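One-letter residues, chain by chain:
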Amino acid sequence: RRLVLSELPCDWEALSLRTMCPYGRCVSPHLTRVSPDGNEPAERCRHGVNYGFYAMLYPVRTLPQLRQRLAKAVWDPWRPHCLDIDVALASISEEVPYYAVPGVQHPGFLSTGHKASSRGQINMAWLDDPEADKEAPAVPLTDAVHGLVKQVKDMLHPSS
């Protein structure tokens, strides 16, 4: 409550209570004003910073407009990296006042209980071990994802 009442600027439209790989400008002891990562190309949705949608707050009065802007970014067929909603929101943070609590703060406001990321499991399923196709993946994969994982695995561990 204190964070929202005493640290959060009044223009806010989105607040992440925990973001990983924070990128932006410090605005208070616990908050950053999220910025798109100018080091990454726009066509890749400025992918690489402000990961995680662990716990988000939105003011009800601006939520319909935010949903419209976010949907436009997420469903842009020319920027498939924007399908990750956390990445998409960070990419439009120049037009949306988006603030975040960096996940590196200790103790922070939110803990994930040190659980692994399902997205991380999907991204890395079967890639590390060339013999892993004998076992089931860590998470269920669709046929399309399984095909992509196999292609990447074959690139990393080519048959002799």
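As the structure is a prediction and not an experimental result, all values here were calculated from the model.

Conventions we followed
Residues numbered from 1 in each chain as written. Predicted model: local features only at pLDDT ≥ 70, side-chain atom pairs only at ≥ 80, totals over all residues. Heavy atoms only, no water. Core = buried A, V, L, I, M, F, W, Y, C linked by side-chain atoms within 4.5 Å. Buried < 20%, exposed > 50% of the residue type's maximum accessible area, 1.4 Å probe, protein only. Helix = DSSP H or I, 4+ residues; strand = E, 2+ residues; numbered from the N terminus. Contact = heavy atoms within 4.5 Å. Salt bridge = Lys/Arg side-chain N within 4 Å of Asp/Glu carboxyl O. Pairing = 2+ DSSP bridges.

Caption draft 1: Fine view of the nonpolar core. Ala14, Leu70, Ala88, Leu89, Ile92 and Tyr98 are the most contacted members of the largest nonpolar core, which totals 17 residues. Counting only elements with at least two residues in this core, the list comes to α2 (63-74), α3 (85-91) and β5 (98-102). When near neighbours in sequence (up to four residues on either side) are disregarded, Ile92 contacts Arg69, Leu70 and Ala73. Core analysis: the second largest hydrophobic core is formed by 9 residues, Leu15, Leu17, Tyr99 and Val101 among them.

Caption draft 2: Fine view of the environment of Gly48. Turning to its location among the elements, Gly48 is positioned in the loop between β3 (32-34) and β4 (56-57). On the accessibility criterion, Gly48 (27% relative accessible area) is partly exposed. Gly48 sits 12 residues away from Pro36 along the chain, and the two C-alpha atoms are 9.5 Å apart.

Caption draft 3: Region of interest: the pattern of salt bridges. Evaluation of the coordinates by the stated rule reveals 2 salt bridges. Across the salt bridge formed by Arg69 and Glu13, the nearest N and O atoms sit 2.6 Å from each other. Separated by 56 residues along the polypeptide, Arg69 in helix α2 and Glu13 in the loop between α1 (2-7) and β1 (14-19) bring together distant segments of the chain. The exposure class assigned to Glu13 is buried, which follows from its relative accessible area of 12%. Note that Asp76 and Arg79 form a salt bridge whose closest N and O atoms lie 3.6 Å from each other. Taking the relative accessible area as the measure of exposure, Asp76 reaches 23% and is therefore partly exposed. Accessibility expressed as a relative area gives 17% for Arg79, which makes it buried.

Caption draft 4: The arrangement of the sheet that holds strand β2 (residues 24-26) in detail. Spatially, β2-β3-β5-β1-β4 is the arrangement adopted by the 5 strands of the open sheet, whose pairing is mixed. The open sheet is flanked by β2 and β4, the only strands paired with a single partner. Relative to β4, β1 runs antiparallel, the two being bridged by 2 bridges. Considered in β4, the bridge of Leu15 is made with Leu57.

Caption draft 5: Spotlight on the environment of Met56. Within the secondary structure, Met56 is located in strand β4. Residue class for Met56 comes out buried when judged on its relative accessible area of 17%. Met56 sits 42 residues away from Ala14 along the chain, and the two C-alpha atoms are 7.0 Å apart.

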